[in-house]
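# Observations on the model geometry
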Amino acid sequence: MKKKKKLTINREWCKGCGICVAFCPKGVLVLDKEGKACWAHPEKCKNCGLCELRCPDIAMELV
Ligand code: SF4
Ligand code: SF4
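This one's a predicted model, so the numbers in the text were calculated from it and none came from an experiment.

Near ligand 2 there are 13 residues, and of these Cys14, Cys17, Cys20, Ala37 and Cys55 occur at the shortest range. Of the residues assigned to the shell around ligand 2, the class counts are 9 nonpolar, 2 polar and 2 charged.

This is how it looks when you write it as structure tokens:
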């Protein structure tokens, strides 16, 4: 069975563009009060990697 990955978000690098929020097909991500991406619904994450791929600031990593 494929092991589920965990998303790490580097808040220092996130500029809050919202691209990852818009591209996530499962609605997992939101921008928090500080305007930084946040893994709000990790249980819905399908490990598709789109957020990691689309982030222009390489702030996201699936590990
Ligand atoms: S890996 Fe896919 S499903 Fe999970 S948070 Fe990123 S875009 Fe959403
Ligand atoms: S795409 Fe990257 S920089 Fe933009 S909100 Fe998401 S984590 Fe932050």
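Moving on, we come to the site of ligand 1. In the region of ligand 1, 13 residues are neighbours, and Cys24, Val28, Cys45, Cys48 and Cys51 sit closest. Residues of the shell around ligand 1, tallied by class, amount to 9 nonpolar, 2 polar and 2 charged.

The subject of this paragraph is the nonpolar core. Counting 11 residues, the largest nonpolar core is built from Leu7, Cys14, Cys20, Cys24, Val28, Leu29, Ala37, Cys51, Cys55, Ala59 and Met60. Aside from chain neighbours lying at most four places away, what touches Cys24 is Leu29, Leu50 and Cys51.

Another aspect to go through is the environment of Trp13. Relative to the elements of secondary structure, Trp13 occurs in the loop between β1 (7-9) and α1 (19-23). Sequence separation of Trp13 and Lys36 is 23 residues, and the distance between their C-alpha atoms is 9.4 Å. Apart from residues no more than four positions distant in its own chain, Trp13 is found in contact with Asp57, Ile58 and Ala59.

Examined against the element boundaries, Leu62 turns out to sit in strand β4 (residues 60-62). On the basis of neighbour counts, which here come to 15 C-beta atoms within 10 Å, the residue Leu62 falls in the partly exposed class. Expressed as a C-alpha distance, the spacing of Leu62 and Ile9, which sit 53 residues apart in the sequence, is 8.9 Å. Apart from the residues lying within four places of it in its own chain, the contact partners of Leu62 are Lys5, Leu7, Asn47, Gly49 and Glu52.

A few words on unusual backbone geometry. A negative phi holds for most residues other than glycine; trans holds for most peptide bonds. If you check the backbone angles, Asn47 has positive phi at about 60° while not being a glycine. For Asn47, the position within the fold is in the loop between β3 (37-39) and α2 (50-54). Residues other than glycine seldom take positive phi values, yet Ile58 does so here, at roughly 40°. Residue placement: Ile58 occurs in the loop between α2 and β4.

Procedures and definitions
- The residue count restarts for each chain, going from 1 along the sequence in the order it is written.
- The order in which chains are written sets their letters, starting at A; the order in which ligands are written sets their numbers, starting at 1.
- Predicted model: local features are reported for residues with pLDDT of at least 70 only, side-chain atom pairs are reported and counted for 80 or more only, and whole-chain, interface and lining totals are derived from all residues.
- By convention here, the C-beta atom is placed from the backbone, and a residue is near a molecule or strand when that atom is within 6 Å of it.
- Residues are grouped as follows: nonpolar covers Ala, Val, Leu, Ile, Met, Phe, Trp, Tyr, Cys and Pro; charged covers Asp, Glu, Lys and Arg; every other residue, Gly included, is treated as polar.
- For our purposes the nonpolar core covers buried Ala, Val, Leu, Ile, Met, Phe, Trp, Tyr and Cys residues that link as a set through C-beta atoms within 7 Å.
- Exposure is read from a count of other C-beta atoms within 10 Å of each residue's own; the residue is exposed at 12 or fewer, buried at 20 or more and partly exposed in between. C-beta atoms are placed from the backbone.
- Residues are scored as being in contact if the C-beta atoms we place from backbone atoms lie within 7 Å.
- Think of it this way: any DSSP run of H or I at least four residues long counts as a helix, any run of E at least two long counts as a strand, and we number them from the N terminus.

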